[in-house]
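Listed below are the residues making up each chain.
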Amino acid sequence: MDFMDKQISLPLSDAAIKDLQVGDSVLLSGTLVTGRDAAHKWLTDCFIHPKTAVTQEDQRIFEELRGILAGGAIYHCGPVVAGLDTKEYRFVAAGPTTSVREEPYQADVMKILGLKAVIGKGGMGNRTLQACREIPGVYLHAIGGAASLIAKSVEEVLGVYKLEFGVPEAMWVIRVRDFPAVVTMDSHGQSLHADVRTRSSAILEKLLS
Amino acid sequence: MKDLTPEILELIRRTSTDLPADIESRLREAQNNEAPDSAARKAMDTILANVEMTRRDSTPICQDTGTPLFFVKHPDGWKPRDIRNWIRAATAEATRLTYLRPNAVDSLSGKNSGNNLGSKYFPTIHFEEIDEGDLTIDLILKGGGCENVGAQYSLPDDRLNAGRDLEGVRRAALDAVNRAQGEGCAPGFLGIAIGGDRGTGFIASKEALLHEAGEKNPDHALGALEDQITKEANELGIGPMGFGGNSTVLGTRITSEHRLPASYFVTVSYMCWAYRRRKMIVHDDKVTYT
């Protein structure tokens, strides 16, 4: 493992993704978008497995997101945001939320938005790992709970989509500098989460034998 | 009675932004237990830098300020209805001031109320009338990540070979920790209730989290089991954030409640490292916080 921080910028090239290995610490800079439970469900219900006709407004948002997120990153995060009354938004606290809830949707969402990176906590499952191999893409683990420290890396809130989902669930477009994270799933099929789970489950079996 | 809304607002601010000393000292021990240059060590460094920053800047430790869980003990003379109104007013104001994230979502419409006021359990307020003593209000902010990995076992559990005894409790607790992996924001703390029904089991497991880390259990056998569960949970090697490492659980507290002959529940509430817990005490006109 290499513990010198790697500086990476969005959008990410295939070469930059392939250079990343499980265990690498990174400092990420560029524009990314927050999206969690409601956003993944909306993307799925409207654009991946459409259930109803898509409104013009939703279609427009989708096209804009594809533009912003080509080669980019989605961040599983429900921030605390100041300036809601003046619309001069500022991130106060912005740590990651648990990613695995998006496992049913993530691989498709990565492909339809052109994402190269997913940022969250707790890791994801086999379908996302497989998508990271195919695309190629990477899963970046931010430190859960370190919310104010992470918010310091958010230089500017550029805009917000779907604020009607509520502040935590809205899709916030933010520019970050030196956002700290660790690669825990890479484009080479490695998952730190799968390794740790296999090991801990074997130990548990012994403790319960 | 004096309106305590401003004092309760201060309780919320302190709880959201200033991690208790007993928890921080456990986190510092955990930091020193991880190998230099490991991902686990780096996670602990980040966690503790954040703890210092939020205390200084008065910003939320974690953006998920959770379900506010209030535990009120009131002697004669205080009306629960008044206290409820003050708590709700303070909660809405704390949200406006960004000490809390708006977290109350209507389960049917998906609409966020915007001020953390929801139906009767949001915020959650437990009242207990006491014969004498001061009015006290405990507050825990428990985020969704760790709440989601909480678990309730009905013993006997064949899969775990867990019977209706303390050995069964141990098996259930270790299984819950292994299932949680890093998703509950390890290194965490366990509040465990033996007995009760399904509902009271979860309430009691959260009340167990009101105790300070390391506070001695009056029941010797439960105290020994707490130590054993903590030690063995750490042997699992899940580590901070699930990165692998030596610190997975930093403390366990077990409580026991009466149960029905037919039921034997073991309820595990997992508390993340951001163990936000504060208390306010009202003695005559004076309010203090611990």
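Fair warning: this is a prediction, and the values are worked out from it, not measured in the lab.

Engineer: So what exactly am I meant to see when it comes to the overall build of chain A here?
Structural biologist: Along the backbone of chain A there are seven helices and nine strands. Relative to its length of 209 residues, chain A is compact, with a C-alpha radius of gyration of 17 Å against a globular reference of 17 Å. For the C-alpha atoms alone, the extent of chain A along its principal axes is close to 55 × 40 × 40 Å. Out of the 209 residues belonging to chain A, those deemed buried represent 51%. Contacts in chain A between residues at least 24 apart in sequence constitute 63% of all its contacts with a sequence separation of at least 6.

Engineer: How should the pairing of strand β2 (residues 25–34) of chain A be read in this particular structure?
Structural biologist: It is a general feature of regular strands that their side chains alternate between the two faces of the sheet. All names here are of chain A. Bridge analysis of strand β1 (residues 6–9) against β2 gives four bridges, and the strand direction is parallel. Opposite Gln7, over in β2, you have Leu27 as the bridge partner. With helix α1 (residues 14–19) bridging β1 and the parallel β2, this β-α-β connection has right-handed handedness. Sheet topology places β2 next to strand β9 (residues 171–185); eight bridges connect them, and they run antiparallel. Opposite Val33, over in β9, you have Val173 as the bridge partner.

Engineer: Help me understand the domain arrangement of chain B, please; the structure alone is not making it clear to me.
Structural biologist: Quite often, the size of an interface is put as the accessible area lost when its parts meet. Residue and element names in this part refer to chain B. Examined at the domain level, chain B breaks down into domain 1 (5–15 + 61–143 + 276–289) and domain 2 (145–271). Domain 1 and domain 2 are separated by 26 Å when their C-alpha centres are compared. Counting residues at the interface gives eight residues for domain 1, matched by eight residues for domain 2. Of all the elements in the fold, those that place two or more residues in the side of domain 1 that touches domain 2 are β1 (67–74) and β3 (135–142). The leading source of residues in the side of domain 1 that touches domain 2 is β3, at three residues.

Engineer: Just to check I follow, could you spell out the nonpolar core for this structure?
Structural biologist: Within soluble globular proteins, side chains that are nonpolar tend to cluster in buried spots. If you look at the biggest cluster of nonpolar residues, it comprises 142 residues, and the most contacted ones within it are Leu140 of chain A together with Ala173 and Ile192 of chain B. Residue assignment places this core across two domains, with domain 1 (5–15 + 61–143 + 276–289) and domain 2 (145–271) of chain B each supplying three or more. Among all residues touching Ala173 of chain B, those that are not within four sequence positions of it are Leu190, Ile192, Ile229 and Val268 of chain B.

Cut-off values and rules
Residues numbered from 1 in each chain as written. Chains lettered and ligands numbered in written order. Predicted model: local features only at pLDDT ≥ 70, side-chain atom pairs only at ≥ 80, totals over all residues. Helix = DSSP H or I, 4+ residues; strand = E, 2+ residues; numbered from the N terminus. Rg over C-alpha atoms; globule rule 2.2 N^0.38 Å. Buried ≥ 20, exposed ≤ 12 C-beta atoms within 10 Å, placed from the backbone. Contact = placed C-beta atoms within 7 Å. Pairing = 2+ DSSP bridges. Right-handed = clockwise from strand over helix to strand, strands pointing away. Domains from an automatic or database assignment. Core = buried A, V, L, I, M, F, W, Y, C linked by C-beta atoms within 7 Å.

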